[in-house]
Amino acid sequence: MSQVSDILKFNEKFVENKEYEAYLTSRFPNKKLLIITCMDTRLVELLPKAMNFKNGDVKIIKNAGAVISQPFGSVMRSVMVALYELSAEEVIVVGHYGCGMASLNADHMIQSIKERGISDEVLSTLENSGIKLTKWLRGFDSIQEGVIQTVELIKRHPLLPPGVPVHGMIMDPATGALELVSDGYTSI
Ligand SMILES: [Zn+2]
């Protein structure tokens, strides 16, 4: 059976048995927090459990590496929507040890792109139109550096509402243990 039909079959029972009732909440975060974290599979359930978040408590934005690289890209737009429209009042960037983005090798990924059948012509068209793939596919050297760079990018953003604390933390993806690497309360 395909993944999709498995999901749909499960979903039908889920709704039928009213299992959703345990999760009913509003779109506004009870804890007034916005979390930016990594899409790593180990954090899917671990992160909310280890930080004591239940459905409805927080807004969570996920991507590879918990990285924001564009001050006016879609991730930062989500940050602003959470702060201005959805009553989030604090931001926590949560990276984790063993993050794939720390070891991301742009050359290796470009090689994989070619092996999967994307032609050199497509790649050179992109390069010629200003898309620098090696830059776009670059990770960070260490998770500390990645988290702090993202924290700083948010803090420096001209549209960040004054007085919003932006913190940085690193999680152990096995135990859920957190380390505070940037305390947002000290700089507001
Ligand atoms: Zn990661």
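Preceding this section is the structure that the text describes.
Quantities reported herein were computed from a predicted structural model and do not represent experimental measurements.

On to the coordination of the zinc ion, then. Here the zinc ion is held by the protein donor atoms C38 (SG), H96 (NE2) and C99 (SG), which lie 2.0 to 2.3 Å from it. For C38, a relative accessible area of 5% puts it in the buried group.

The side chains of a regular strand alternate, residue by residue, between the two faces of the sheet. Burial analysis of strand β3 (residues 90-96) places six of its seven residues in the buried class, which makes it a mostly covered element. Across five bridges, strand β1 (residues 33-38) lies against β3 in parallel orientation. Pairing of I36 across the sheet is with V93, part of β3.

Throughout the structure, instances matching the rule amount to six salt bridges. Taking the shortest distance from any N to any O, the salt bridge between K31 and D57 comes out at 3.9 Å. Here D57 lies in the loop between α2 (43-50) and β2 (58-63) and K31 lies in the loop between α1 (3-16) and β1, a separation of 26 residues in the sequence. Residue classification places K31 among the partly exposed positions, given a relative accessible area of 36%. For D57, a relative accessible area of 9% gives the class buried. A salt bridge links E152 to K155, with the shortest nitrogen-to-oxygen separation between them at 3.7 Å. One end of the pair, E152, and the other, K155, are both in helix α7 (residues 143-155), three residues apart, so they sit about a helical turn from each other.

What the five strands build is an open sheet, ordered β2-β1-β3-β4-β5; its pairing is mixed. Looking at strand neighbours, the two that pair on one side only are β2 and β5 (178-182), the edges of this open sheet. Each adjacent strand pair in this sheet contributes to an overall mean axis angle of 25 degrees, direction not counted. Pairing between β3 and strand β4 (residues 166-171): six bridges, direction parallel. Each residue of the ladder has a partner; that of V91, found in β4, is V166. Relative to β4, α7 is tilted by about 165 degrees, and along the sheet it contacts β1, β3, β4 and β5.

Once that is clear, we can look at the environment of S187. Examined against the element boundaries, S187 turns out to sit in the segment after β5. In the structure, S187 is positioned 60 residues away from E127 in sequence and 40 Å away in space, judged by C-alpha atoms. In terms of polar contacts, S187 uses its side chain to reach the side chain of K155, at 3.2 Å.

Basis of the calculations
Residues numbered from 1 in each chain as written. Predicted model: local features only at pLDDT ≥ 70, side-chain atom pairs only at ≥ 80, totals over all residues. Heavy atoms only, no water. Donors = N, O, S within 2.8 Å, 3.2 Å for Na, K, Ca; no water. Buried < 20%, exposed > 50% of the residue type's maximum accessible area, 1.4 Å probe, protein only. Helix = DSSP H or I, 4+ residues; strand = E, 2+ residues; numbered from the N terminus. Pairing = 2+ DSSP bridges. Salt bridge = Lys/Arg side-chain N within 4 Å of Asp/Glu carboxyl O. Axes fitted to C-alpha atoms, helices over the stretch in contact; angles between N-to-C directions. Contact = heavy atoms within 4.5 Å. Polar contact = N/O pair within 3.5 Å; in protein donor to acceptor, adjacent residues only side chain to side chain.

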